[in-house]
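What follows is the residue order along each chain.
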Amino acid sequence: MSHALEYLGSLESEISGDAALQQELATASDRLGDVLGNPALSNLGDTAGALTAYRRALAIRELVVARDPRLARISVVSYEKTGGAEFASGNLVGAFAHFRKAMEMREEWLRSEPRNADVAQRLAEIAGRLCTGLVLLGDMPGALANGRPCTGLTSTLLGAPPADSALPTQIA
C-alpha cells in the first residue's frame, strides 16, 4: 500500500492546474485512506497511512478551492475524514480542528439548503464526534454545548420522511 501512496503522490505534479483531474486524485487518495485505516469502515489498520492519504486529499482539494472558491464544498469530506483519522490516532486537538472546520462548512451549506437531509445528518454526526471527544477530555460544558445542536438536528431528521434507512440506527 505504500507504493499506492507514492504513486498517487507522483501524480500530483503531473496534473497541477487541471481541477477535474485533481478532484479525481483527491477521491483516489480518500479511497486509499479508507482501505488503509478509516476507523468507520473495515480496513487494514494503518491509521498513519490513512492519515497521510486523507491529508493529501485535503491539500489537493484546498488547491482546487484556492483557484475556484465556488468549489469550497468539495473540501468538507476531507476535513471529516482527516478529523476521523486524527481522532483514531489519539490526536484529539488535530481532530477537533478538522471537525470544527467541517462543522462550519456544513452549517453554511445547511443555511443555503435547509431541506438537505444529508447535510443535516452529516452535521449531526460531526457534532456528535466533537461531543464524544470533549467528554473524553473531561470538558462536559463543551460537550453539552456541542451536543445540543446535534440533538436538535437528529430530532428534526427523525421527524422527516426517511431518506436514509440507516439514520434511526445511527441515532440509537
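In case you missed it, the structure is sitting above this.
Residues numbered from 1 in each chain as written. Predicted model: local features only at pLDDT ≥ 70, side-chain atom pairs only at ≥ 80, totals over all residues. Heavy atoms only, no water.

S.K.: I would appreciate a short explanation of the packing of helix α3 (residues 47-67) against helix α4 (residues 76-88) in the present structure.
M.R.: The angle between the axes and the distance between the axes are what describe a pair of packed helices. In contact at an axis separation of 9 Å, α3 and α4 are set at 155 degrees when each is read in the N-to-C sense. As the angle between them shows, α3 and α4 are arranged roughly antiparallel. Judged by the twist between their axes, the crossing of α3 over α4 is left-handed. The segment α3 lies against α4, with Thr-47, Leu-51, Tyr-54, Arg-55, Ala-57, Leu-58, Arg-61 and Glu-62 engaging Ser-78, Tyr-79, Lys-81, Thr-82, Ala-85, Glu-86 and Ala-88. Each residue belonging to the contact of α3 with α4 can be placed in one class, and the counts come to seven nonpolar, three polar and five charged. (Axes fitted to C-alpha atoms, helices over the stretch in contact; angles between N-to-C directions. Helix = DSSP H or I, 4+ residues; strand = E, 2+ residues; numbered from the N terminus. Parallel < 35°, antiparallel > 145°, perpendicular 65-115°, else oblique. Left-handed = near helix turned anticlockwise from the far one by under 90°. Contact = heavy atoms within 4.5 Å. Nonpolar A, V, L, I, M, F, W, Y, C, P; charged D, E, K, R; others polar.)

S.K.: Explain the packing of α4 against helix α6 (residues 117-136) to me, please; I cannot follow it from the model alone.
M.R.: Between α4 and α6, whose axes approach to 12 Å, the crossing angle comes to 25 degrees. It follows that α4 is roughly parallel to α6 by the angle criterion. In this structure, α4 meets α6 at a crossing whose hand is left-handed. Contacts between α4 and α6 involve Glu-80, Gly-84 and Phe-87 from the first element and Arg-122, Ile-126, Arg-129, Thr-132, Gly-133 and Leu-136 from the second. Classifying every residue of the contact of α4 with α6 by side-chain character gives three nonpolar, three polar and three charged.

Any functional reading would require information beyond the geometric quantities listed.
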